[in-house]
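# Observations on chain architecture
Each chain, letter by letter, is given below.
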Amino acid sequence: MGIHGLSKVIADNAPAALKEVPIKACFGRKVAVDASMSIYQFLIAVRQQDGMQLTNEAGETTSHLMGMLYRTIRMFENGIKPVYVFDGKPPDMKSNELKKRGVKREGAEKAAAAAEETGDTENFDKFSRRTVKVTKEHNDDCKKLLKLMGVPYIEAPCEAEAQCAILAKSGKVYAAGSEDMDTLTFGTPVLMRHLTFSEARKMPVVEIELAKVLEGLEMTMDQFIDMCILLGCDYCDSIKGIGPTRAVSLIKEHKNIETILEKLDSKKYPAPEDWPYQAARELFRAPNVTKAEELDVKWEAPDEEGVVAYLVGEKGFNEDRVRSAIQKLIKTRTGTTQGRLGDYFKPVEKPAGSTSAAKRKMDAKAASGSAKKKGGSFMKKK
DNA sequence: ACTCTGACTCAAGACGTT
DNA sequence: CTAATTGAGTCAGAGT
DNA sequence: AACGTCC
């Protein structure tokens, strides 16, 4: 669920933090993208008339490869260099939430099966989209494709959004490219929204700058995190009767959840029983991520024959289409060699209070010269 | 009058040709 | 048994 | 821009 209503809170209280950016101005940007989320969207959206996903002759789904291939190339054509971040194990705190979602999906699965039986394509289409899950195979397919395309990816130990935030914080990338607002709660200095369908549709890219969010809300990062917990996050319940308006004013007045619990009338607004807000807070402050210094993020030359062998040979793609797509990739790649605009970006000033990782900050500049680090390729780490 | 809940809805990609 | 979106929007109804 | 198609 991300953070419930956070985008509206920001729009209302810190409008200066939102900036519409023409896609052209994004040229040269490196961006961290949540791969599992992208795959999920492709599996839902890339379908044919009857509501079935695209498949090869063996019946293996190809919708996600389709989407990943063309979207990635489109980004490159705009000078945007993505690094994909794959989810690891969800934190234990999320299991309650996930269980609830599982129950919902069972209902949708039954409904989809029933609709398929009776040939009700309309309802089959509707319900089958709610039964989509991203499997290990989907993830592995995409990793294989990305590797062949020369596009880096990272396997996060836990939440991809948290890993994206760390990459942006460290300066390895300019921003996290996501629709998920809790990337901000994880501390990304810049969040780029509507990045994916900005060119295809007429929607502009929207950049959200964390420092300006805090400025507009008049909060420290720690206060912001507590506010996000009050708004409602994936890790624990929130206090009934406290919505966006009261959450903002309570944090402004009392500064943290402990004080709010002291001062708040617990008859009117009882806190959830055994409320693990402190553990949730800790997940946001110090999420389980791989340190940016340990990650080598490099864009390499695509292996055209490898991509053709995989997509055409194994997955039944049209060879002409694939080759011309790869040609686009090669062309834009040689054109942009070292993205320029991104290098002028200065990391946003670090908000007060955060516990870990205070030292790096200057490595955005420092990293440009040196490129050694561990093992040859970009993946690794788990 | 304002605020919040909860139940509900919807939409979700990209290419190439026309 | 290896998967568990999300955001945005509307509405009525109730609590403050 | 709309549309059929991609696999």
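Residues numbered from 1 in each chain as written. Chains lettered and ligands numbered in written order. Predicted model: local features only at pLDDT ≥ 70, side-chain atom pairs only at ≥ 80, totals over all residues. Heavy atoms only, no water.

The name given to chain A in an unreviewed UniProt entry is Flap endonuclease 1, with the source organism recorded as Chytriomyces confervae. Per UniProt, chain A carries the Sequence similarities (unreviewed entry) text "Belongs to the XPG/RAD2 endonuclease family. FEN1 subfamily." (UniProt positions renumbered as here; feature names shortened; annotations may be inferred.)

### Things to note about the overall build of chain A
Looking only at helices and strands, chain A has 16 helices and 7 strands in total. Counting across all 382 residues of chain A, residues that qualify as buried make up 48%. Excluding contacts between residues fewer than 6 apart, the proportion of contacts in chain A whose partners are at least 24 apart in sequence is 71%. By element, 51% of the accessible surface of chain A is carried by carbon and sulfur atoms, the whole surface being about 19100 Å². (Helix = DSSP H or I, 4+ residues; strand = E, 2+ residues; numbered from the N terminus. Buried < 20%, exposed > 50% of the residue type's maximum accessible area, 1.4 Å probe, protein only. Contact = heavy atoms within 4.5 Å. Areas by Shrake-Rupley, 256 points an atom, 1.4 Å probe, with all protein chains shown as cover.)

### Quick word on the sheet that holds strand E3 (residues 81-86)
Read across the open sheet, the 7 strands follow the order E1-E7-E6-E5-E2-E3-E4; overall the sheet is mixed. Looking at which strands have only one partner, the edges of the open sheet turn out to be strand E1 (18-21) and strand E4 (153-155). With direction set aside, neighbouring strand axes in the sheet form an average angle of 30 degrees. Two strands pair when backbone bridges link them, and strand E5 (residues 175-177) and strand E6 (residues 190-193) are joined in this way by 2 bridges, in the parallel orientation. Its bridge partner lying in E6, Ala 176 is registered against Leu 191. The strands touched by helix H2 (residues 35-45) within the sheet are strand E2 (30-34) and E3, with E3 carrying the most contacts at an inclination of about 90 degrees. Against the sheet, helix H7 (residues 160-170) contacts E2, E3, E4 and E5, and its axis sits at roughly 170 degrees relative to E2. (Pairing = 2+ DSSP bridges. Axes fitted to C-alpha atoms, helices over the stretch in contact; angles between N-to-C directions.)

### Some thoughts on the packing of aromatic side chains
Per the stated rule, a full pass over the model turns up 4 aromatic pairs. Their ring planes at 80 degrees and their centres at 5.6 Å tell us that Phe 86 and Tyr 153 sit as a pair that is edge-to-face. Here the residue Phe 86 occupies a position in strand E3, and Tyr 153 occupies one in strand E4, the gap between them amounting to 67 residues. Exposure class is identical for Phe 86 and Tyr 153. Each is buried. With 5.1 Å between their ring centres and 50 degrees between their planes, Phe 186 and Phe 284 make a pair best called tilted. Taken together, the positions of Phe 186 in the loop between helix H8 (182-185) and E6 and Phe 284 in helix H13 (residues 277-285) put the pair 98 residues apart, joining distant regions of the chain. For Phe 186, a relative accessible area of 4% corresponds to the buried category. With a relative accessible area of 2%, Phe 284 lands in the buried category. Members of the aromatic cluster, joined through ring pairs, are Phe 186, Tyr 235 and Phe 284. (Phe/Tyr/Trp six-rings, centres within 6.5 Å; stacked < 30°, edge-to-face > 60°.)

### Remarks on the side chain of Arg 47
Take Arg 47: it is sitting in the loop between H2 and helix H3 (63-77). From its side chain, Arg 47 meets the backbone oxygen of Ile 44 in a polar contact 2.8 Å long. (Polar contact = N/O pair within 3.5 Å; in protein donor to acceptor, adjacent residues only side chain to side chain.)

### Notes on the nonpolar core
Ranked by internal contacts, the top residues of the largest apolar core, which has 99 residues, are Leu 6, Tyr 84, Phe 224 and Met 227. Ranked by residue count, the leading element in this core is helix H10 (residues 221-231), at 8 residues. Here this core gathers at least three residues from each of two domains, domain 1 (6-217) and domain 2 (219-287). The contact partners of Phe 224, leaving out residues within four places of it in the chain, are Leu 6, Leu 184, Thr 185, Leu 210, Val 213, Leu 214, Leu 217 and Met 219. (Core = buried A, V, L, I, M, F, W, Y, C linked by side-chain atoms within 4.5 Å. Domains from an automatic or database assignment.)

### A few points about the environment of Ala 162
Residue position: Ala 162 is located in helix H7. For Ala 162, a relative accessible area of 1% gives the class buried. In sequence terms Ala 162 and Val 289 are 127 residues apart; their C-alpha atoms lie 6.8 Å from each other. Setting aside residues no more than four positions away along its own chain, Ala 162 makes contact with Phe 186, Pro 287 and Val 289.

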